[in-house]
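Coordinate inspection notes
Chain by chain, the residues run as shown.
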Amino acid sequence: MQVHSSFFDPPQAMLERVIYQMEKVIIGKRDVIEKLLIALLCGGHVLLEDVPGVGKTMLVRALSRTIDGSFQRIQCTPDLLPSDLTGSSIFNQQTSQFEFRPGPLMANLVLADELNRATPRTQSALLEAMEEKRITVDGATHPLPEPFFLLATQNPIDFSGTFLLPEAQLDRFLMKLSLGYPDAAEEMELLNRVEERHPISQLRPLLLPEEFVSLQKEAARVHVDDTVKSYIVQLVTSTRKHLDIALGASPRASIALMRAAQGRAFLSGRGFVIPDDVKQMALPVLAHRLMLTAEAAMAGKQSETIMESIAAAAPIPARRYAPAQ
């Protein structure tokens, strides 16, 4: 299949084409699409949490058609076993040896649909893949392909037959995103586009896997001034001191917030991070990592609302953030 991209295209132009194509399927959600791309530029994994039918799975399918890499979809159920994800060793009678048969995790882009319906044992099988980009089967370690992204969905409404994701696994997701319902005009446009056939059938690959790896390396080179790093530490530290938060964000969260800010700056065409990059990424990166106190939870408070108040109250440093020439 032909890929309509080139290593000689400006990175931002390549990513803008990706966003434009995905907007043909996911209408009115450019902000979510941009954050998803930022997470992938950082090599991070994304948790999509929303009610059924708003396009979570379709968002991932559109992304998989845009990046010309391997794609696997896992429908999580309570009877799913860890070996169903990682693969297993099968005895070959002809060679009298065990051969590794890879599971669906051996793909560039993996969709774990309704992750919270898998048992904790199966969920734990994802931890090594998410953090180390490798899997271990029968004592043998197998590296995952580059790039590797896990995009998981879960329904926050129906908890029947589900298993809550442990904090250790939530901390491995760079971001938690939510699509939400479209407005009336966007829903009308959606009906018009799917009247004859679904627009996802017209999407074509725009980026090769090796091109995306190259973009990741460029994004990682975006300059982060010490003043901005101090601002990141201030935000993260504030979550550990807040009266409504029992467990604040970890040092891994500080790294994740810096990487996300670098990704946003790169997507914006800048070679350095500004405080607004950090502030805009604080909610999707940090909110799902916070554990509220019992009193705050019983009072109906939300970690997203608390994180927004922390970001709004933190003083923004004022100075130049570009690297010295």
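Description of the structure in this document. (Residues numbered from 1 in each chain as written. Predicted model: local features only at pLDDT ≥ 70, side-chain atom pairs only at ≥ 80, totals over all residues. Heavy atoms only, no water.)

1. Here we look at the side chain of Glu186
Its place among the elements puts Glu186 in helix H7 (residues 184-193). The charged side chain of Glu186 is buried without a salt bridge, its nearest counter-charge being Lys29 at 4.7 Å. If we ignore the near neighbours within four places in the chain, the residues touching Glu186 are Ile27 and Gly28. (Helix = DSSP H or I, 4+ residues; strand = E, 2+ residues; numbered from the N terminus. Buried < 20%, exposed > 50% of the residue type's maximum accessible area, 1.4 Å probe, protein only. Lys, Arg positive; Asp, Glu negative; His and termini not counted. Salt bridge = Lys/Arg side-chain N within 4 Å of Asp/Glu carboxyl O. Contact = heavy atoms within 4.5 Å.)

2. Re the packing of helix H11 (residues 275-286) against helix H13 (residues 303-313)
Where H11 meets H13, the axes come as close as 10 Å, and the angle between the chain directions of the two elements is 155 degrees. Here H11 is positioned roughly antiparallel relative to H13, judged by the angle of their axes. Here H11 and H13 pass one another in a crossing that is right-handed. Between H11 and H13, the residues in contact are Lys279, Ala282, Leu283 and Leu286 and Glu304, Met307, Glu308 and Ala311, respectively. Looking at side-chain class alone, the contact of H11 with H13 contains five nonpolar, no polar and three charged residues. (Axes fitted to C-alpha atoms, helices over the stretch in contact; angles between N-to-C directions. Parallel < 35°, antiparallel > 145°, perpendicular 65-115°, else oblique. Left-handed = near helix turned anticlockwise from the far one by under 90°. Nonpolar A, V, L, I, M, F, W, Y, C, P; charged D, E, K, R; others polar.)

3. Things to note about the nonpolar core
Residues Leu59, Leu63, Met175, Leu235, Val278 and Leu286 are the most contacted members of the largest nonpolar core, which totals 72 residues. Of all the elements, helix H10 (residues 251-267) adds the most residues to this core, at nine residues. Residues in contact with Val278, not counting those within four places in the same chain, are Val228, Tyr231, Ile232, Leu235, Leu257, Ala261 and Val273. Counting 24 residues, the second largest nonpolar core, distinct from the first, contains Ile74, Ala112, Met130 and Leu170. (Core = buried A, V, L, I, M, F, W, Y, C linked by side-chain atoms within 4.5 Å.)

Interpretation in functional terms is not warranted from these geometric data alone.
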